[in-house]
Amino acid sequence: MIALMRYGTGVPFKRLEQLQEGFGIPLPASTQWDIVEKAAKPAHPVYKEMIRQAAQGDLFHNDDTTMKILEGANEDERKGTFTTGMLCVTGEKKIALFVTGHHHAGENLADLLRKRRKDLDQPIQMCDALSRNAPGGFPVLLANCLAHARRNFIDMAENFPEECRYVIKLLAGVYENDAKAKQMTALERLEHHKAHSAPLMEDLREWMNKQFDGKYVEPNSGLGKAFTYMLKHWDPLTLFLRAPGAPLDNNAVERSLKMAIRHRKNSLFFRTQHGAYIGDIFMSLIHTCHLSRANPFDYLVALQKHAHDVFKNPKDWLPWNYEAAVAALPL
C-alpha cells in the first residue's frame, strides 16, 4: 500500500507519515523507505522479465519528462536527469516501462532494443519529432505524433481562426475514421484509413503547399511554422496510411508519464539513483497492471506472498498471467 500511495498516486512519504501520525500509528518516512525497498526485491525479477518481453514488441511509444535526482552526476555524464516512459505493444499485451537517469528517451529505447531478437521484423516507433527520441543505430519504422502537429494549430487558432479551423476539421475526420476502426484487424484498419483518411491527408498537404506557393501565409509566422512542421515530418506523420498497426499519436505514453509527473509535482525529487530505480520498478508494475486490467494491490501482494516462486519463474508472475500462477499453486 505504501508503494501504491507513493509511486501510483504520488503521495510523498512525509505526507503518509503525517497521515499515520493522525491515526496514532508512527510510521517515519525512513521506515517507509525501508519497507518499500524490501518490497521491491520480489518485484525486481518481474521487472527484468517485463523488459525482456517488451524488447520483442511490435510497437514502441517513447517520450521523456524532466526529473530531479539529488545526488550529483559523474563528470562524464550530462547534468540533466529525465524519466523516460516506454509503452511496448506485443500482440494484445501492453507493457509500461519507466527509466529514470541521465539518458534521453531515444537512448533508453536503444538499450531496450539491444535485448531484441535479431530475427524479428523492424518494429514501429511512435514518438514526437525531437531527435533525442530516436534510438540511434537501430532500424525502426518511424511514426510521429499527429496530436503534436494538431496542437500547433490549436495554439494559433486565435490568430488564424479560419485556416486553423480548416486543418483541425480535416484531422478530426482522420480521428473519426480511426475510432470506427477500433474493432478491426490491423490490416482492415490500414485499408480503412487508405480509403477514408488518405484523401483527407492529401487534401491537407495540397492546401498547405498552395498557401505557401500563393504567399498567403508568411513562413516565419506561427501558422507558417505549423505548416512547415507538418510538411517536414509528413512521412512519419502519415505512417498509419502505410504500415499495419501504426498509431496516430503518442498519447498513450503521455498518459503513462503522468505518473512520473505527479511524482515530480508532489515529491519533487528522488534522493538517489537507487531510489529512482525503485520508483521505476513500482511505476512500471503498477501502470502495466492498469493496462492489463489487473488490480495492482492484489498483484503486489501476490509477489510478496509467493516471492520464492516469483524468483524461480518470473515469466509466470506478470500482471496479465499471475492469477493463473496463483491458482496452480498447491493448497
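In what follows, the structure referred to is the one given above.
Let me sum up the structure you'll find in this document.

Here is what the cut-offs are and how they apply
- Residues numbered from 1 in each chain as written.
- Predicted model: local features only at pLDDT ≥ 70, side-chain atom pairs only at ≥ 80, totals over all residues.
- Heavy atoms only, no water.
- Buried < 20%, exposed > 50% of the residue type's maximum accessible area, 1.4 Å probe, protein only.
- Helix = DSSP H or I, 4+ residues; strand = E, 2+ residues; numbered from the N terminus.
- Pairing = 2+ DSSP bridges.
- Axes fitted to C-alpha atoms, helices over the stretch in contact; angles between N-to-C directions.
- Phe/Tyr/Trp six-rings, centres within 6.5 Å; stacked < 30°, edge-to-face > 60°.
- Lys NZ or Arg CZ within 6 Å of the ring centre and 35° of its normal.

**Here we look at the pairing of strand β1 (residues 59-66)**
Move 1: Most of β1 sits out of view: 7 of its 8 residues are buried.
Move 2: Across 3 bridges, β1 lies against strand β4 (residues 124-127) in parallel orientation. Following the sheet pairing, H61 is matched in β4 by M126.

**Structural notes on the sheet that holds strand β5 (residues 141-144)**
Move 1: Taken together, 5 strands build an open sheet; the order of strands is β3-β2-β1-β4-β5 and the sheet is mixed. Two strands in the sheet have a free side with no partner beyond their single neighbour: β3 (93-101) and β5. Across the sheet, the axes of successive neighbouring strands diverge by a mean angle of 20°, strand direction being ignored.
Move 2: Bridge count between strand β2 (residues 82-90) and β3: 9 bridges; the pairing is antiparallel. Within β3, the position partnered with V89 by the bridge is K94.

**Some remarks on the pairing of β4**
Sheet faces and side chains relate simply in a regular strand, where the side chains alternate between the two faces.
Move 1: Alternating residues of β4 divide into I124 and M126 and Q125 and C127, and every residue in both groups is buried.
Move 2: Pairing analysis gives 4 bridges linking β4 to β5, with the strands arranged parallel. Among the inter-strand pairings, C127 is bridged to a residue of β5, identified as N144.

**A short note on the packing of aromatic side chains**
Move 1: This structure, assessed with the given rule, holds 7 aromatic pairs.
Move 2: Ring plane angle 45° and centroid distance 4.6 Å describe the contact between Y166 and W207, whose orientation is recorded as tilted. In this pair, Y166 is assigned in helix α6 (residues 161-180) and W207 in helix α8 (residues 198-213), connecting sequence segments 41 residues apart.
Move 3: On the basis of relative accessibility, which here comes to 33%, the residue Y166 falls in the partly exposed class.
Move 4: Accessibility expressed as a relative area gives 18% for W207, which makes it buried.
Move 5: Their ring planes at 65° and their centres at 5.0 Å tell us that Y299 and Y322 sit as a pair that is edge-to-face. Note that Y299 is positioned in helix α14 (residues 296-305) and Y322 in helix α16 (residues 322-328), a separation of 23 residues in sequence.
Move 6: Among the aromatic residues, those joined into a ring-pair cluster are F153, Y166, W207, F212 and F227.
Move 7: Over the face of the ring belonging to F13 we find R6, whose NZ or CZ atom lies 4.3 Å from the ring centre.

**Section: unusual backbone geometry**
Move 1: Unlike most non-glycine residues, K215 shows phi in positive territory, near 55°.
Move 2: Of note, R293 is a non-glycine position whose phi angle comes to about 60°, a positive value.
Move 3: Relative to the assigned elements, R293 resides in the loop between α13 (273-291) and α14.

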